[in-house]
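# Architecture and fold: a report
Listed below are the residues making up each chain.
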Amino acid sequence: NMPTVAFELVPSARSAGAPKLLAEARKVKTLLGAAGILDQVNAVLVPQIIAEEGDRPVELEDKLDALEVQQILKPELPLSYILTQVTVFTPLAELKKRILALRRSGVERTVFVGVPRVFREEDVVGPYPSEALGIFREDMPSRGVIVIPTRPDEAERFTAKLTAGANFALCQLLFSHSILQFLRALPRPENEPELLLSFGYVPQVELKIGLIRWLIRDAGPIVEAEMAAVAELAALPYAQKKQRLLELYKRIVFESQGHGFRIGLHFECPYGLSEPAAETFAAMLEVWSP
């Protein structure tokens with residue numbers, strides 16, 4: 001298995017349709033190409049967007065479905081696709097159809113996602129990710145889960161998911177070294193799953209909108225420190241920002257090795273890819289590439 005270097009492309013609004021999505025894909029190709037790293041990116045991660053909490057700082061319009069996105073993008077970006085799939089809000093029979101539709105479309109990697117932070121108990125009609133891993137063991141070659149190192153009890157949760165059949169994991173955006181303590185404390189997994197470490201660029205607009213801080217808010221001092229780091233990064237001039245992100249990347253990618261995981265990468269720009277972001281990712285890949 002080739003190590004993953006994934007770039008995340010968020011589904012565009014259904015009202016804008018395929019043209020907006022293709023324009024975004026071409027912009028990504030242009031910017032990654034100009035930064036000299038287009039040929040290093042070998043996967044596209046497409047999240048399934050569900051209508052979530054009302055306090056989201058950016059209005060959530062009705063989005064294209066992740067599978068439609070993959071089908072639209074495949075000719076433009078003929079790479080491997082990783083799709084996230086929220087399992088809890090879809091009844092099992094429907095979920096089975098969905099997984100088979102993903103396979104028919106050539107998708108071999110799915111990240112099973114659980115409930116959002118705020119949800120109604122009665123909306124849970126499908127399996128939790130830990131159950132879905134076992135149910136779809138035969139149907140989906142690569143079964144992934146989300147890992148949030150800053151969440152209390154995450155070590156037990158994550159270990160249970162690996163035991164249940166996860167063979168890769170996707171981190172939430174990393175803005176501190178807390179993942180390193182997390183990995184040191186984990187029992188060493190047996191089958192060497194792939195761990196996709198997530199890095200993002202923090203543009204100045206984050207100070208005004210706060211989308212990244214909204215995405216990673218959990219309780220606890222580690223998260224508070226990360227939120228403060230995000231706000232600080234947003235305010236820095238480009239050269240300093242790039243330097244600080246690079247130092248974080250360097251320490252995480254080198255020290256996360258040797259814990260029983262194959263290391264892959266996931267790059268994410270919640271506000272969309274920009275030239276400074278592409279150049280920062282290029283500098284990261286120059287330091288270390290899987």
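Structure shown above.
Residues numbered from 1 in each chain as written. Predicted model: local features only at pLDDT ≥ 70, side-chain atom pairs only at ≥ 80, totals over all residues. Heavy atoms only, no water.

The subject of this paragraph is the side chain of asparagine 167. Secondary-structure assignment places asparagine 167 in the loop between α5 (154-163) and β6 (168-171). Only 3.1 Å separates the side chain of asparagine 167 from the backbone oxygen of proline 141, close enough to count as a polar contact. Apart from residues no more than four positions distant in its own chain, asparagine 167 is found in contact with Pro141, Ser142, Arg143, Asn191, Pro193, Glu194 and Arg262. (Helix = DSSP H or I, 4+ residues; strand = E, 2+ residues; numbered from the N terminus. Polar contact = N/O pair within 3.5 Å; in protein donor to acceptor, adjacent residues only side chain to side chain. Contact = heavy atoms within 4.5 Å.)

Looking now at the nonpolar core. In this structure, Leu195, Leu197, Phe199, Leu273 and Phe281 are the most contacted members of the largest nonpolar core, which totals 77 residues. Examining the composition of this core, we find that 7 residues originate from one element, helix α11 (residues 275-287), more than from any other. If you look at the next biggest cluster of nonpolar residues, it comprises 8 residues, including Leu45, Val111, Phe168 and Leu196. (Core = buried A, V, L, I, M, F, W, Y, C linked by side-chain atoms within 4.5 Å. Buried < 20%, exposed > 50% of the residue type's maximum accessible area, 1.4 Å probe, protein only.)

This part takes up unusual backbone geometry. A positive phi angle, close to 60°, is found at aspartate 153, a residue other than glycine. With respect to the helices and strands, the residue aspartate 153 is situated in the loop between β5 (142-147) and α5. Here the phi dihedral of glutamate 192 falls at roughly 50°; this positive angle occurs in a residue that is not glycine. Assignment of secondary structure puts glutamate 192 in the loop between α6 (178-185) and β7 (194-200).

This next bit is on α5. Three or more residues of α5 are buried, namely Glu154, Phe158, Lys161 and Leu162. Around the axis of α5, the buried residues are gathered within 100° of arc, so they sit on the same side. In α5, the exposed residues that point more than 90 degrees away from the buried face are Glu156 and Thr163. Lining the buried residues of α5 we find α4 (129-135), β5, β6 and α6. Glycine 165 sits one or two positions beyond α5 and adopts a positive phi of about 125°. (Arc of directions from axis to C-beta.)

Attention now moves to the pairing of β5. Regular strands have side chains that alternate between both faces of the sheet. Judged by how many residues are buried, β5 sits mostly within the fold: 5 of 6 residues are covered. Where strand β4 (residues 109-113) and β5 come together, 4 bridges link them in parallel fashion. Within the sheet, the bridge partner assigned to threonine 110 lies in β5 and is arginine 143. Alignment of β5 against β6, held across 4 bridges, turns out to be parallel. The partner of valine 147 across the bridge, within β6, is cysteine 171. Handedness of the crossover joining β5 and β6 through α5: right-handed. (Pairing = 2+ DSSP bridges. Right-handed = clockwise from strand over helix to strand, strands pointing away.)

The next thing to look at is the packing of helix α10 (residues 238-255) against α11. Two elements in contact, α10 and α11, have axes separated by 10 Å at closest approach and are oriented at 35°. Crossing geometry of α10 relative to α11 is assigned as right-handed. In this structure, α10 uses Tyr238, Lys242, Leu245, Leu246, Tyr249, Lys250 and Phe254 to contact α11, whose residues at the interface are Pro276, Glu279, Thr280, Ala283, Met284, Leu285 and Val287. Looking at side-chain class alone, the contact of α10 with α11 contains 10 nonpolar, 1 polar and 3 charged residues. (Axes fitted to C-alpha atoms, helices over the stretch in contact; angles between N-to-C directions. Left-handed = near helix turned anticlockwise from the far one by under 90°. Nonpolar A, V, L, I, M, F, W, Y, C, P; charged D, E, K, R; others polar.)

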